[in-house]
Amino acid sequence: MTTVAPPASGAPVRQATRADLLDVFRIEKEVFDQPWPYSAFERQLGTPGFLVSEPAAAADAGGHVTGYVVADTIPNHQRPLGHVKDLAVRPAARGRGVGEALLTRSLSVLAAQGARSVKLEVRAGNDAALGLYEKFDFEYLRTLPRYYTDGEDAYVLVANLEDRDSF
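Residues numbered from 1 in each chain as written. Predicted model: local features only at pLDDT ≥ 70, side-chain atom pairs only at ≥ 80, totals over all residues. Heavy atoms only, no water.

Let's shift gears to the pattern of salt bridges. Following the criterion strictly, the structure yields 9 salt bridges and no others. One salt bridge connects R18 with E42, and the closest N-O pair in it is separated by 3.4 Å. With R18 in the loop between strand 2 (13-15) and helix 1 (21-31) and E42 in helix 2 (residues 38-44), this pair connects stretches of sequence that are 24 residues apart. Its salt-bridge partner being K119, residue E121 comes within 3.3 Å of it at the nearest N-O pair. The same class applies to E121 as to K119, namely buried. Through salt bridges with shared partners, one network takes in R14, D20 and E54. (Salt bridge = Lys/Arg side-chain N within 4 Å of Asp/Glu carboxyl O. Helix = DSSP H or I, 4+ residues; strand = E, 2+ residues; numbered from the N terminus. Buried < 20%, exposed > 50% of the residue type's maximum accessible area, 1.4 Å probe, protein only.)

Right under this line is the structure:
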């Protein structure tokens, strides 16, 4: 059994609101070479798996969103399959447990929606993300060659959501 405790930072995580969209989009553009369009985040508003983190202290990061995750479920035979579509942390907020807090909460949301397992795609060269996902017992499933427009491969990772003590 795997136990993933909330990160020590206690980064507050909540459902995203319309007021968060500009911060989310700015982080997306800062972090990714191929950012999602603003409209993609607008379409996710109101979904349980669109979550944002805030600074643990109001003085941190000017009170803005420090990171976000977009996760949902997709039909998969008798039970839905969880899918983490997008996860990013503002570079200035990295190393404080924000990614762990977001992933913990999103996995809990997916499990509550009936998902027994979850998948995601990650750049083969994104060592920081791979390290985070390893902490949550994600395992390599396959490589998607030249998945990104710059030609980099993506790894498809999967994790079992059953038999976990907590998120």
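Bringing the sheet that holds strand 5 (residues 81-89) into the picture now. The strands that make up a sheet pair up through hydrogen bonds in the backbone, lying either parallel or antiparallel. Here we have 7 strands laid out as an open sheet, ordered 2-3-4-5-6-8-7, and mixed in their pairing. On the outer flanks of this sheet lie strand 2 and strand 7 (139-144), each paired with one strand and no other. The average undirected angle you get between the axes of adjacent strands in this sheet is 25 degrees. Where strand 6 (residues 117-123) and strand 8 (residues 154-160) come together, 7 bridges link them in antiparallel fashion. Bridging across to strand 8, V118 finds its partner in A159. With respect to the sheet, helix 1 is in contact with strand 3 (50-53), strand 4 (67-74) and strand 5, its orientation differing from that of strand 5 by roughly 80 degrees. Sitting on the sheet, helix 4 (residues 127-135) is in contact with strand 5, strand 6 and strand 8, with an inclination near 165 degrees to strand 6. (Pairing = 2+ DSSP bridges. Axes fitted to C-alpha atoms, helices over the stretch in contact; angles between N-to-C directions. Contact = heavy atoms within 4.5 Å.)

Its identity as a non-glycine residue notwithstanding, H77 has a phi of 60 degrees, on the positive side. Among the structural elements, H77 can be located in the loop between strand 4 and strand 5. Although it is not a glycine, D137 sits at a positive phi angle of roughly 65 degrees. When you line up the elements, D137 lands in the loop between helix 4 and strand 7. The class for D137 is partly exposed, based on a relative accessible area of 33%.

This part covers the pairing of strand 5. Counting buried positions along strand 5 gives 8 out of 9 residues, so the element sits mostly inside the fold. Sheet analysis places strand 4 next to strand 5, joined by 8 bridges and oriented antiparallel. Looking at the pairing, T73 lines up with G82 of strand 5. The turn joining strand 4 and strand 5, which pair antiparallel and follow one another in sequence, is formed by 6 residues; a positive phi near 60 degrees is taken by H77. Relative to strand 6, strand 5 runs parallel, the two being bridged by 3 bridges. Among the inter-strand pairings, V84 is bridged to a residue of strand 6, identified as L120. Read as a crossover between parallel neighbours, the route from strand 5 over helix 3 (residues 98-112) to strand 6 is right-handed. (Right-handed = clockwise from strand over helix to strand, strands pointing away.)

Note on placement: Q44 falls in helix 2. Discounting chain neighbours no more than four positions away, the residues touching Q44 are F50, V70 and K85.

For the rest of this paragraph, the subject is the confidence of the model for the protein. The share of residues in the protein with pLDDT of 70 or more is 87%, and the mean pLDDT across the chain is 89. Strand 1 (residues 2-3) is the least confidently modelled element of the protein, averaging 38 in pLDDT, while strand 3 averages 98, the highest of any element. Overall, residues 1-9 carries pLDDT values under 50, and its contacts beyond four positions in sequence, including any with other chains, amount to 22 contacts. (pLDDT = per-residue confidence, 0-100.)

This paragraph deals with the environment of E42. Judged by relative accessible area, E42 falls into the partly exposed class, the value being 31%. Leaving out residues up to four positions away in the same chain, E42 has contacts with R18 and L21.

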